[in-house]
Amino acid sequence: MIRTRTLLTASRGFSRAYGTVIPTAARTSSVLQNAVEATQPRNSWTKAEIQEIYNTGLMDLTFAAVCPLPSLPRILADTPQASIHRRFHDPTKIQLCTLHNIKTGGCSEDCSYCSQSSRHKTGLKATPLVSVETVLSAAKVAKENGSTRFCLGAAWRDMRGRKSGLRNIKAMVEGVRGMGMEVCVTLGMIDATQAKELKDAGLTAYNHNVDTSREFYPSVITTRSYDERLATIKNVREAGINVCSGGILGLGETAEDHVGMLYTLSTMPSHPESVPINALVPIKGTPLQDNTPLPFTDILRTVATARCVMPTSIVRLAAGRITLKEEEQALCFMAGANAVFTGERMLTTDCSGWDEDRAMLERWGMGPMKSFAREAYVEKAAEVPGAKVEQTLAEAV
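I will try to describe carefully the structure that is included in this document. The structure presented is a predicted model; accordingly, all values stated were derived computationally and were not measured. Position numbers for residues start from 1 in each chain and track the written sequence from start to end. Per-residue local features of the predicted model are confined to residues with pLDDT of at least 70, and side-chain atom pairs are confined, for both listing and counting, to 80 or more; whole-chain, interface and lining totals are unaffected and use all residues. In computing side-chain values, all of the structure's heavy atoms are included and hydrogens and water are not.

Our next topic: the packing of helix α10 (residues 255-266) against helix α11 (residues 296-309). Axes, fitted as lines to C-alpha atoms, cover a helix only where it is in contact. Angles between the N-to-C directions of the axes lie from 0 to 180 degrees. By the criteria applied, helices consist of DSSP H or I runs no shorter than four residues and strands consist of E runs no shorter than two, each listed in order from the N terminus. Packing of α10 against α11 leaves a shortest axis separation of 11 Å and a crossing angle of 25 degrees. By the angle between their directions, the pair α10 and α11 is classed as roughly parallel. At the point where α10 passes α11, the crossing takes the right-handed sense. For the pair α10 and α11, contact is made by His258, Met261, Leu262 and Ser266 and by Asp298, Thr302, Thr305, Ala306 and Val309, respectively. Any angle between 65 and 115 degrees counts as roughly perpendicular, while under 35 counts as roughly parallel, over 145 as roughly antiparallel, and the rest as oblique. Crossings are assigned a handedness: left-handed for a near helix turned anticlockwise from the far helix by less than a right angle, right-handed for a clockwise turn. The contact definition used throughout considers only heavy atoms, calling two residues in contact when any of these lie within 4.5 Å.

See the structure below:
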């Protein structure tokens, strides 16, 4: 009589008998299997489906996001790189983004995580909008250091009554685009007319995070509603600008709120082209200054689930990445994250530097993604007269 000792591999879909690997029945949920099989995004996710994916064993979940599932032989036969991430992205490319603060502090909002709110005593001094020359100089440095996306952040509630400010910001956008870089701005709430003006200036993307689930949102912010956030995203989308929208982990929310946030994003008429995943950086003087950081596994699980339900989006490791060990960042890349913020600062918090990030990517066999390497970016870049696109879609694939 021969006894067979069974060992689980990383995929949890094999048994080992005297050194021979034999496929066994799949342990992966049918919902996750369907996500792996998908050849295009879907916008009909239910919370229950996303919850099922999110609650999948972490090894299975991260493996499904980046590697072929052994329980899907047809997919393996049809597609050599039959994984969610590899089907839609080059796994060796990471987009390097730099965020520049163009207007610091004095914001009237009460976002409980933010050092720039005038309602919190963080010691941060409010400053006026910086000059166009200052921004273009900073963008030049970022490009020379390998960043291909330059992001501009202003601390205010909305753009009402800021005609001169909008005029200067449009000049910033035009200047950065003239360098061949993608350019993103986050300026609070904007209306359809303002969105159209930014589009005409050549804006690549507009960042407006939903932050968390609809249910938990009122515990974090009371001065702007969830629906107001969604209205700004709608204005941006209808203007033909790429959407950058994600959330913050560690606000005091539950795993159900992570699912709720991903549900909001993944059921939009079009998925955000960029989904930033932030980890709270507790700042003294804010209501969340004493929050305990979430376990890394929660961040990894959220990244992997985002990749499963929004396969074509760029998943961006944003604020708080500096708290992750290099091996933890690599696991996030393996689970589907393919962009980081890098440079001297990230608004008012610390950020990993260009040299550090380049060395890390080299150690893991990865390199920087070129500007406009994604299809949606290429298409929208072509709509701007005179815009410089560094890479064609054919080269990006």
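Turning next to the pairing of strand β3 (residues 93-103). With 10 of 11 residues buried, β3 is to be regarded as a mostly interior element. Note: β3 against strand β14 (residues 367-368), 2 bridges, orientation parallel. For isoleucine 94, the partnering residue across the bridge sits in β14 and is proline 368. Strand pairing follows a simple DSSP-based rule, namely that at least 2 bridges must link the two strands. Across 3 bridges, the pairing between β3 and strand β11 (residues 339-341) is parallel. The partner of leucine 96 across the bridge, within β11, is valine 340. Here β3 pairs with strand β4 (residues 149-154) via 6 bridges, running parallel. Each residue of the ladder has a partner; that of lysine 103, found in β4, is alanine 154. Exposed residues in this analysis have more than 50% of their type's maximum accessible area, buried residues have under 20%, and partly exposed residues fall in between, with area computed by a 1.4 Å probe over protein chains only.

Our focus in this paragraph is the side chain of asparagine 242. In this structure, asparagine 242 sits in strand β7 (residues 242-244). Using a relative accessible area of 0% as the deciding quantity, one classes asparagine 242 as buried. One polar contact links the side chain of asparagine 242 to the main-chain carbonyl oxygen of threonine 204, over a distance of 3.0 Å. Any pair of nitrogen or oxygen atoms within 3.5 Å is treated as a polar contact; in protein, a donor-acceptor pairing is required on top of that, and neighbouring residues in sequence qualify only through side-chain atoms on both sides.

Looking now at the nonpolar core. Generally speaking, soluble globular proteins have nonpolar side chains that are buried together. Counting 88 residues, the largest nonpolar core has Ile169, Leu187 and Leu198 as the members making the most contacts within it. Top element by residues in this core is α11. It accounts for 8 residues. The contact partners of leucine 187, leaving out residues within four places of it in the chain, are Ile102, Ala154, Trp156, Arg157, Asp158, Met159, Ile169, Leu198 and Tyr206. Nonpolar core, defined: a set of buried Ala, Val, Leu, Ile, Met, Phe, Trp, Tyr and Cys residues in which side-chain atoms within 4.5 Å join the residues together. With 13 residues, the next largest nonpolar core counts Cys97, Ala205, Cys244 and Ala318 among its residues.

Before going further, it helps to examine the packing of helix α3 (residues 58-66) against α11. Orientation of α3 relative to α11, taken along the N-to-C sense of each, is 40 degrees, at an axis distance of 9 Å. On the basis of their axis angle, the class for α3 and α11 is oblique. Our pair here, α3 against α11, has a crossing hand that is left-handed. Across from Leu58, Leu61, Thr62 and Ala65 in α3, the residues of α11 making contact are Thr297, Leu300, Arg301, Ala304, Thr305, Arg307 and Cys308.

Moving on: unusual backbone geometry. Note: most residues except glycine have negative phi, and most peptide bonds are trans. A positive phi angle is found at aspartate 211, which is not glycine, with a value near 75 degrees. Topologically, aspartate 211 is positioned in the loop between β6 (205-207) and α9 (226-238). Overall, the relative accessible area of 2% leaves aspartate 211 in the buried class.

Take it as geometry only, folks, not as evidence of what the structure does.
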